Amino acid sequence: MSVPFRILDIQLCERGVVLRLPFRFGVVTLTACPQAFVRVRIRTEDGREAEGAAAELLAPKWFDKNLALSNEDNFDQLRDSLALARDAYLAEPEARSAFGHFAAHYPSQIEAGAARQLNPLVACFGPALIDRALLDALCRALGQSFYAAVQANLPGIDTRLAPDLAGFDLDAFLGTLRPSRDIALRHTVGLVDAITAADLKAHIADGLPETLEEVVVATGCRHFKLKVCGDAETDIERLTRIAGVLARVPDCVVTLDGNEQFKDAESAAQFWKRVQATPALQRLAAATLYIEQPLPRATALQSDVRALAAMRPVLIDESDSTLDAFTQAIACGYTGVSSKDCKGIYRSLLNAARCRQLNLRAEAEGRGAPYFMSAEDLTTQAGLAVQQDLALVNLIGLGHVERNGHHYVDGFAGQGAGAAERQAFLQAQPGLYEAAGDNVRLRVDRGRIDLSSLDAPGFAARAHPDWTTLQPLRSA
């Protein structure tokens, strides 16, 4: 059922994003950052041509946390990844399926990245954007939505790069995926975020909530992602303050993000024991679903995390740098893996298939269904980035998604998008966005995001950016 096509053109652009609030995660406090855009043109074998697009923030100190590198160095790494992928994809004249284009270049992209001292997570960033843009173009050429295209496996996804899935009926699995019309938002509480008004030196007059207290009232969220820094005393004190606010939230759900801040599995396990033993944190601990990437990527897949996982499930995020990383992690005691568009749509779909296969085996052995995926964020911005990521995790069947781009950036205005672009997305995606004066922002209603407008021809986007407002990618 796959549809082969040739790639006619790939353009790489960027535009600056300014955060309204500083966002601290791991080792960086982010205040401004470029957003990359990819624009492609394809031709199917029967002569249909179409254009597709994708976007993603060039986030520093997540893909590569080497402190010797500046934020600008990190931006350039991701630009290099995009340029390498563009050149490789354009050098291939053969018509292939969407997945075929990805599979043909996956090993060589990692090798080319390594030659330029780009780790696999960085190297895979470029193809992740281009693959999304290509799939957008394919869906538009066929008049199909992303949901329908994947359900029918029009991208031609197979197991050639995932030998552990050999014999698994991937087509049947994809055909069972059923998207919902909305999804719960999981609000991120960064390491320097204000918990109460007492933490603020001055309010920002933009009409958006700043403190966790204000977020709870303004959005109705019941799902929260809490960043921890790896210092037990600091984390316990901060979590206690957060727990005081969340005590007023009914049916509260929490996840903890270690962002590689714990030195080893034993210290992470000891920290969680302290959380459980702290009276003021008992409700928060009971509400915690899982612990995300507590260990540094350099040691995470060589460390036994079973002691921690016996208390709370543990998943990998930054360690998910290659298509086989999740299978390596399972041997260490991890049972979860994140989905992020910046790591690639095919990685997420293959990992979703792995979870289905593994859980079928576990259920047959009477072990329940311990393997899972989570929907994590890297400040995806309003427009292409947030829409495509929402569509992916929705199709996989995840019930809640971390979303922080709408909180730390003031909608389309924070991205430098002009009035015409803002209005185009507002009108094209009813329910997903709302007007705020002349600005347009993600709409959150009672803690949920309306996804109904994503089910349309193309990859979850009825509108594209105003390309005249973008600059060519700096290194391209």
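Scope of this entry: the structure provided in the associated data block. What you are looking at is a predicted structure, and each value in this text was computed from that prediction instead of being measured.

**Points about the overall build of the chain**
Within the chain one finds 17 helices and 15 strands. Relative to the globule expectation of 23 Å for 476 residues, the C-alpha radius of gyration of the chain, 21 Å, shows essentially globular dimensions. Intrachain contacts of the chain at a sequence separation of at least 6 include 75% that bridge at least 24 residues. Distance between charge centres in the chain, computed from 49 positive and 59 negative side chains, equals 2 Å.

**Considering the nonpolar core**
Soluble, globular proteins show a tendency: their nonpolar side chains are buried together. Counting 149 residues, the largest nonpolar core has Tyr334 and Tyr433 as the members making the most contacts within it. Dropping the residues within four chain positions of it, tyrosine 334 is found in contact with Leu295, Ala300, Leu301, Val305, Val314, Leu315, Ile316 and Ala329. Cys13, Ala53, Ala55 and Leu470 belong to the second largest nonpolar core, which has 9 residues in total.

**Structural notes on the sheet that holds strand β15 (residues 471-472)**
Read across the sheet, 4 strands follow the order β3-β2-β1-β15 without closing on themselves; strand pairing throughout is antiparallel. With one partner strand each, in any of the chains shown, β3 (49-57) and β15 form the two edges of the open sheet. As paired elements, strand β2 (residues 28-44) and β3 share 9 bridges and run antiparallel to each other. Bridging from a neighbouring strand, arginine 39 pairs with alanine 53 of β3. Packed onto the sheet, helix α1 (residues 71-90) meets β1 (5-25) and β2 and runs at close to 165° relative to β1. Sheet strands touched by helix α15 (residues 384-396): β2 and β3. Its angle to β3, the strand with the most contacts, is close to 95°.

**Considerations on unusual backbone geometry**
For aspartate 251, which is not glycine, the phi dihedral falls at a positive 55°. Examined against the element boundaries, aspartate 251 turns out to sit in the loop between α8 (232-246) and β6 (253-257). A relative accessible area of 60% means that aspartate 251 is categorised as exposed. In this model, asparagine 259 sits at a positive phi of 45°, which is unusual for a non-glycine residue.

**What about the pairing of strand β4 (residues 182-189)?**
Counting buried residues in β4 gives 7 out of 8 residues, a clear majority hidden from the surface. In the sheet, β4 pairs with strand β14 (residues 448-450) via 3 bridges, with the strands oriented antiparallel. Bridge assignment links aspartate 182 to a residue of β14, and that residue is aspartate 450. The sheet contact formed by β4 and strand β11 (residues 400-403) spans 4 bridges and is parallel. Following the sheet pairing, histidine 187 is matched in β11 by arginine 403. Pairing of β4 with strand β5 (residues 223-227) involves 4 bridges; the strand directions are parallel.

**Focus: the pattern of salt bridges**
Under the criterion given, the structure shown has 43 salt bridges. Among the ionic pairs, arginine 297 bridges to glutamate 260, the shortest N-O distance being 2.9 Å. One end of the pair, arginine 297, is in helix α11 (residues 297-300); the other, glutamate 260, is in the loop between β6 and α9 (265-277), with 37 residues separating them in the sequence. Assessed through its relative accessible area of 10%, glutamate 260 is described here as buried. Residue aspartate 410 is joined to arginine 441 by a salt bridge in which the shortest nitrogen-to-oxygen separation is 2.6 Å. Linking aspartate 410 in the loop between α16 (405-408) and α17 (419-428) with arginine 441 in strand β13 (residues 439-442), this pair joins segments that are 31 residues apart in sequence. Looking at arginine 441, the relative accessible area reads 14%, which means it is buried. In this structure, a network of salt bridges that share partners links the residues Arg186, Lys225, Lys227, Asp257, Glu292, Glu376 and Glu402.

**Focus on the layout of surface pockets**
Its volume calculated, the largest pocket comes out at about 240 Å³. Put simply, the parts of the chain that give the lining of the largest pocket at least two residues each are α7 (212-219), α16 and β13. With 3 residues, the single largest contributor to the lining of the largest pocket is α7. Across the lining of the largest pocket, the residue classes break down as 6 nonpolar, 5 polar and 3 charged.

**So, the packing of aromatic side chains**
Considering all chains together, one arrives at 16 aromatic pairs under this definition. Between the aromatic rings of phenylalanine 102 and tyrosine 106, the centroid separation amounts to 5.6 Å while the plane-to-plane angle is 45°, which identifies the pairing as tilted. Separated by 4 residues within a single helix, phenylalanine 102 and tyrosine 106 lie in helix α2 (residues 98-115), roughly one turn from each other. Tyrosine 106 matches phenylalanine 102 in its accessibility class, with the two residues each being buried. An aromatic cluster is present here, built from Phe99, Phe102, Tyr106 and Tyr346 joined pairwise through their rings.

**Brief notes about the side chain of glutamate 376**
Here glutamate 376 shows up in the loop between β10 (372-375) and α15. Taking the relative accessible area as the measure of exposure, glutamate 376 reaches 1% and is therefore buried. A polar contact of 3.2 Å, which involves the side chain of glutamate 376, links it to the side chain of arginine 186. Setting aside chain neighbours within four positions, we find glutamate 376 in contact with Arg186, Lys225, Tyr290, Glu292, Ser338, Ser339, Lys340, Asp389, Glu402 and Arg403.

Basis of the calculations
Residues numbered from 1 in each chain as written. Predicted model: local features only at pLDDT ≥ 70, side-chain atom pairs only at ≥ 80, totals over all residues. Heavy atoms only, no water. Helix = DSSP H or I, 4+ residues; strand = E, 2+ residues; numbered from the N terminus. Rg over C-alpha atoms; globule rule 2.2 N^0.38 Å. Contact = heavy atoms within 4.5 Å. Lys, Arg positive; Asp, Glu negative; His and termini not counted. Charge placed at Lys NZ, Arg CZ, Asp CG, Glu CD. Core = buried A, V, L, I, M, F, W, Y, C linked by side-chain atoms within 4.5 Å. Buried < 20%, exposed > 50% of the residue type's maximum accessible area, 1.4 Å probe, protein only. Pairing = 2+ DSSP bridges. Axes fitted to C-alpha atoms, helices over the stretch in contact; angles between N-to-C directions. Salt bridge = Lys/Arg side-chain N within 4 Å of Asp/Glu carboxyl O. 1 Å grid on protein atoms, 1.4 Å probe; cavity = no way out; pocket = protein on both sides within 12 Å on 5 of 7 lines; lining within 4 Å. Points joined across faces, edges and corners; volume = space filled by probe spheres on them. Nonpolar A, V, L, I, M, F, W, Y, C, P; charged D, E, K, R; others polar. Phe/Tyr/Trp six-rings, centres within 6.5 Å; stacked < 30°, edge-to-face > 60°. Polar contact = N/O pair within 3.5 Å; in protein donor to acceptor, adjacent residues only side chain to side chain.

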